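# Chain and residue survey
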Amino acid sequence: MSPTPPLFSLPEARTRFTKSTREALNNKNIKPLLNTFSQLPGSENEKKCTLDQAFRGVLEEEIINHSSCENVLAIISLAIGGVTEGICTASTPFVLLGDVLDCLPLDQCDTIFTFVEKNVATWKSNTFYSAGKNYLLRMCNDLLRRLSKSQNTVFCGRIQLFLARLFPLSEKSGLNLQSQFNLENVTVFNTNEQESTLGQKHAEDREEGMDVEEGEMGDDEAPTTCSIPIDYNLYRKFWSLQDYFRNPVQCYEKISWKTFLKYSEEVLAVFKSYKLDDTQASRKKMEELKTGGEHVYFAKFLTSEKLMDLQLSDSNFRRHILLQYLILFQYLKGQVKFKSSNYVLTDEQSLWIEDTTKSVYQLLSENPPDGERFSKMVEHILNTEENWNSWKNEGCPSFVKERTSDTKPTRAVRKRTAPEDFLGKGPNKKILMGNEELTRLWNLCPDNMEACKSDTREYMPTLEEFFEEAIEQADPESMVENEYKAVNNSNYGWRALRLLARRSPHFFQPTNQQFKSLPEYLENMVIKLAKELPPPSEEIKTGEDEDEEDNDALLKENESPDARRDKPVTGEQIEIFANKLGEQWKILAPYLEMKDSEIRQIECDSEDVKMRARQLLVAWQDQEGVHATPENLINALNKSGLSDLAESLTNDNETNS
C-alpha cells in the first residue's frame, strides 16, 4: 500500500510561514514564502489562511517593537506580492493597513497613507478592487473621524481626493443622492446686544488689548482704521445670513424669505458702498503668493465682533460670502429631484434672484485682486455644476454607453435620391462618380448587383487547383529539382499559408515536428494533401467521358481566334509573358493605366525584373477584372512600341488555343 500523505498541521505551518516572512523581509524577496507554500501539505485555502495569520503576527511584533514605517510597509508590500502570486487572500493587504492605521499615531499615519495614495492603481486593478474597496472606505472614514478639520485640513483633503480617485463617479456611497444639507454646521455669534462691544473706539480696544486668537492675524499686521461704520445691527444681520446658507429651504417660507431679503440688501449695500482697493494688505497677500508663502485656511468663520471691520475689508472674506450667495441662488432656481413640490419660487422672488445674481457677479469682478478673472471662473464652474445636477436627477446613470441589441432603426430612414439625375451624363453613358478611378470601378459592369454575384469574384481557389502543381512536383517520378519547385517561391508560400488557414484542417493541428523554413513546412503539407486528394491519373475515364472530351476538343478547334482573345488572361499566360517582358515592364506600365505611385511600389517590392513584370501584370489583371484580355494587352503593347512582344503574344495565344 502507498504511504498516506502527511496531514496539514496549523502550528507547524504558522511557524514556518512566520520564519519565511522574516527571511523574505531581510532578503526583500518573496521567494522564501513561495518555496514554503509549495512545500507544505494541505489545501490551498488552509495554507492561505495560515499565511494571512503569519503576516498579522509579524506585523503585530513590529508595531509592539516600535519599528520604523519602512519595515511596516515592507510587510504590506510582501502581502501585495503574495496576492499577486496567489498564496494569500486578496483582502490581506487591506486588513494589515487597517491594523497599522488603528495602532499608529497620526504623524506616522501620514506616512502610511502616502503609501496608500501611491498604490491607487494597484487597488483599482481587478485582483484587489472588489476585495478591498469596502476595507479602504472604512479605513478612510476611521481616519477622518480621528482627524481635526481645522488642524489636519490638508490630510483630510488628501483622504477625500484618494477616495475620489479610487471609486468611479457613479459610486453611490460617495453621492449625496437626496441633496441633504449639513444642518450641524451652525455658525455661532453674539446674539445678545447688551454684551456687544461694538461702538467703542479703537483706541480703547488697543489700550485694553485685543484677544486675538492664534492664526487670525500676523504680528506685523497692525489693524488699520476701518471706514465702514459697523454697529451691532449690521453684525447680527451679517452673521444671521449664514443660517440661510446652511439651510436654503428656509427661503421658501414667506416670513423667512422677507428676513433674508432685508438682511441681504443691507449687507450687499455695504459691499457696494465700500469697495476695496489694492490696499497694503492686499499687496502683501500677493507678495506671499508669489514667494510661496503659507496659505492659512480656517474650516469655520471667526465671528468675533472685534474682527468684523477687518473681515469686511478683506478681499478673500468678501469672495467667500459672495460665492455663498451664488451657490444658494443656484439651488433655489435649479431643478432638484428630491425637492418638495411646495418649494416653488414666485415670479417676484425669481426676478429678485436674477437681479441680485448680476449684482453679485459685478461685485466679484470689482473685488481685487484679479476680480474679473475670478468672476468668470466662478460663473464657468457653476454652469458646469448644472450638468452634474441633471445627472443626479436622472438617477446617476453609468457613463459607459452600451450598444443596444435592437438593430432596427427607430425611425424611417430617408431614401437616397434616385440615380436618374446622374445616369448617362458622361461619355458612353457612364455613371459619373466624381472621381476618375471611382467612375472606372463603378462602370466595370453595367449591373452592379449582377457583378457582385459573378463567379469571377470568387478569387480563392480550391486546395486541389492550387496545390496540383506542387503535388506533381513532390512526386519523385517527376524528377523536379528543389530550386524549381513551387514551394520555394516566397510569393507562392505566402498565398499557400493563407489558403491553408481558410480551407485545410491541417493548418491548426498541433505537431511535434520542427520546421526550419517555410518551404520545408509546405512540402510536408503537400505530402499530407497528396494522400487525401486523389491524383488525376487515378480517375477512371468512361466512354461517355471520352466522348465529352472529343466534343470539347472539337469545339475548341472550331472556336475563332477573336473569341479566344476576348477571354481573360490566365495565370499561366501571365507567368510566361512576364519572363519575356523582363526589364521592359516599366515601358508598358503607363499604357496599362498604372499610376506613378503603383510603379514605385512595384520597384520597392522586388529587385528581380521578372518578378516586377509579373507584379505589373497581376496588378493590371486585378484592376481590369473580366476586361484583362490578351487582346487589350496586345493593344497596350502596340501603343507602347513593343510590337515584337505583341506579335509574340499573338502567336502564343493562337498556339495555346
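The shown structure was predicted, so the numbers you read here are calculated from the model rather than taken from an experiment.

A separate point is the overall build of the protein. Tallying secondary structure elements over the protein gives 30 helices and zero strands in all. A buried classification covers 33% of the 657 residues belonging to the protein. Across the protein, contacts joining residues at least 24 apart in sequence account for 72% of those joining residues at least 6 apart. Within the structure as shown, the protein displays about 43,400 Å² of accessible surface, and the carbon and sulfur contribution to it stands at 50%.

Before going further, it helps to spend a moment on helix 2 (residues 31-39). Within the sequence span of helix 2, burial applies to P32, L33, T36 and F37. Axial view of helix 2: buried residues confined to an arc of 130°, hence all on one face. Exposed residues pointing more than 90 degrees away from the buried face of helix 2 are listed as K31, S38 and Q39. Considering only its buried residues, helix 2 is in contact with helix 1 (10-27) and helix 3 (44-64).

The omega angle of the peptide bond from P368 to P369 is -5°, so this bond is cis rather than trans. We note that K28 has phi near 55°; this positive angle belongs to a residue other than glycine. Assignment of secondary structure puts K28 in the loop between helix 1 and helix 2. A positive phi angle, close to 55°, is found at C396, a residue other than glycine. Locating C396 in the fold gives a position in the loop between helix 17 (371-393) and helix 18 (436-442).

With that settled, consider the packing of aromatic side chains. Taken as a whole and judged by the stated rule, the model has 29 aromatic pairs. Residues F94 and Y135 carry aromatic rings whose centres are separated by 6.5 Å and whose planes lie at 15° to one another, so their mutual orientation is stacked. Placement of F94 in helix 5 (residues 92-103) and of Y135 in helix 8 (residues 129-146) is noted, with a sequence separation of 41 residues between them. The exposure class assigned to F94 is buried, which follows from its relative accessible area of 3%.

Below, the discussion takes up the packing of helix 6 (residues 106-118) against helix 9 (residues 153-166). Orientation of helix 6 relative to helix 9, taken along the N-to-C sense of each, is 25°, at an axis distance of 11 Å. In terms of orientation, helix 6 lies roughly parallel with respect to helix 9. Considering how the two elements wind past one another, helix 6 and helix 9 form a crossing that is left-handed. The residues of helix 9 that touch helix 6, namely those facing L106, C109, D110, F113, T114, V116 and E117, are F155, R158, I159, F162 and R165.

Attention now moves to helix 17. Spacing of three or four residues puts side chains on the same side of an α-helix, whose turn is 3.6 residues. Compared with an ideal rise of 1.5 Å per residue, which puts 23 residues at 33 Å, helix 17 spans 33 Å between its outermost C-alpha atoms and is within 8% of the ideal. Taken residue by residue, helix 17 has G371, S375, V378, L382 and W391 as its buried positions. Of the surrounding elements, those touching the buried residues of helix 17 are helix 15 (315-333) and helix 16 (347-366). Remark: G395 follows helix 17 within two positions and exhibits a positive phi of approximately 90°.

On to the pattern of salt bridges, then. Following the criterion strictly, the structure yields 12 salt bridges and no others. Put simply, E117 and R158 hold a salt bridge, and the shortest N to O gap is 2.8 Å. With E117 in helix 6 and R158 in helix 9, the pair connects residues that are 41 residues apart, well separated along the chain. For the pair shown, E117 and R158 are each scored as buried. E266 is the partner of K237 in a salt bridge, and the nearest nitrogen-oxygen pair spans 2.5 Å. One end of the pair, K237, is in helix 11 (residues 232-246); the other, E266, is in helix 12 (residues 254-273), and 29 residues separate them in sequence. Residues joined by salt bridges that share partners form a network here, namely R22, E61 and E62.

Soluble globular proteins tend to bury their nonpolar side chains together. Of all hydrophobic cores here, the largest spans 51 residues; its most connected members are F55, I76, I112, W123 and F162. Among the elements that line this core, the one with the most residues is helix 4 (residues 69-85), at nine residues. If sequence neighbours within four positions are ignored, I112 has contacts with C69, V72, L73, L97, V100, L101 and L104. V249, W257, M308 and F317 belong to the second largest nonpolar core, which has 41 residues in total.

Across the protein, pLDDT averages 80, with 81% of residues at or above 70. The element-level mean pLDDT for the protein is lowest in helix 10 (residues 202-208), coming to 47, with helix 16 highest at 94. The model gives residues 209-225 a pLDDT under 50, and that stretch makes 16 contacts with residues more than four places away or in other chains. Predicted confidence for residues 537-544 stays below pLDDT 50, and this span has two contacts to residues more than four positions away or in other chains.

It is worth spelling out the side chain of Q330 at this point. Positionally, Q330 belongs in helix 15. Those residues within four positions of Q330 in sequence are excluded, and the remaining contacts are L382, E385 and E386.

What follows is about the environment of K485. Here K485 lies in the loop between helix 20 (463-474) and helix 21 (490-503). On the accessibility criterion, K485 (11% relative accessible area) is buried. For the pair K485 and P519, spaced 34 residues apart in sequence, the C-alpha to C-alpha distance is 9.3 Å. Once residues lying within four places of it in the same chain are set aside, the contact partners of K485 are Q473, V480 and E523.

With that out of the way, let us pick up a nonpolar patch on the surface. Residues M433, L438, L441 and W442 make up a contiguous nonpolar surface patch of about 350 Å² in total accessible area. Topologically, M433 is positioned in the loop between helix 17 and helix 18. Classification of M433 by relative accessible area gives partly exposed; the value is 32%.

Attention shifts here to a negative patch on the surface. A contiguous patch of negative charge, built from E464, E465, E468, E469, E472, D475, E477 and E572, is present on the exposed surface. Considering every element that reaches the negative patch, the biggest residue donor is helix 20, with five residues. Note on placement: E572 falls in helix 25 (residues 571-581). In this structure E572 comes out as exposed when scored by relative accessible area, which is 60%.

The rules we used
Residues numbered from 1 in each chain as written. Predicted model: local features only at pLDDT ≥ 70, side-chain atom pairs only at ≥ 80, totals over all residues. Heavy atoms only, no water. Helix = DSSP H or I, 4+ residues; strand = E, 2+ residues; numbered from the N terminus. Buried < 20%, exposed > 50% of the residue type's maximum accessible area, 1.4 Å probe, protein only. Contact = heavy atoms within 4.5 Å. Areas by Shrake-Rupley, 256 points an atom, 1.4 Å probe, with all protein chains shown as cover. Arc of directions from axis to C-beta. Phe/Tyr/Trp six-rings, centres within 6.5 Å; stacked < 30°, edge-to-face > 60°. Axes fitted to C-alpha atoms, helices over the stretch in contact; angles between N-to-C directions. Parallel < 35°, antiparallel > 145°, perpendicular 65-115°, else oblique. Left-handed = near helix turned anticlockwise from the far one by under 90°. Expected span 1.5 Å × (residues − 1). Salt bridge = Lys/Arg side-chain N within 4 Å of Asp/Glu carboxyl O. Core = buried A, V, L, I, M, F, W, Y, C linked by side-chain atoms within 4.5 Å. pLDDT = per-residue confidence, 0-100. Patch = residues over 30% accessible without salt bridge, like charges linked within 9 Å, V, L, I, M, F, W, Y side chains within 5 Å. Lys, Arg positive; Asp, Glu negative; His and termini not counted. Charge placed at Lys NZ, Arg CZ, Asp CG, Glu CD.

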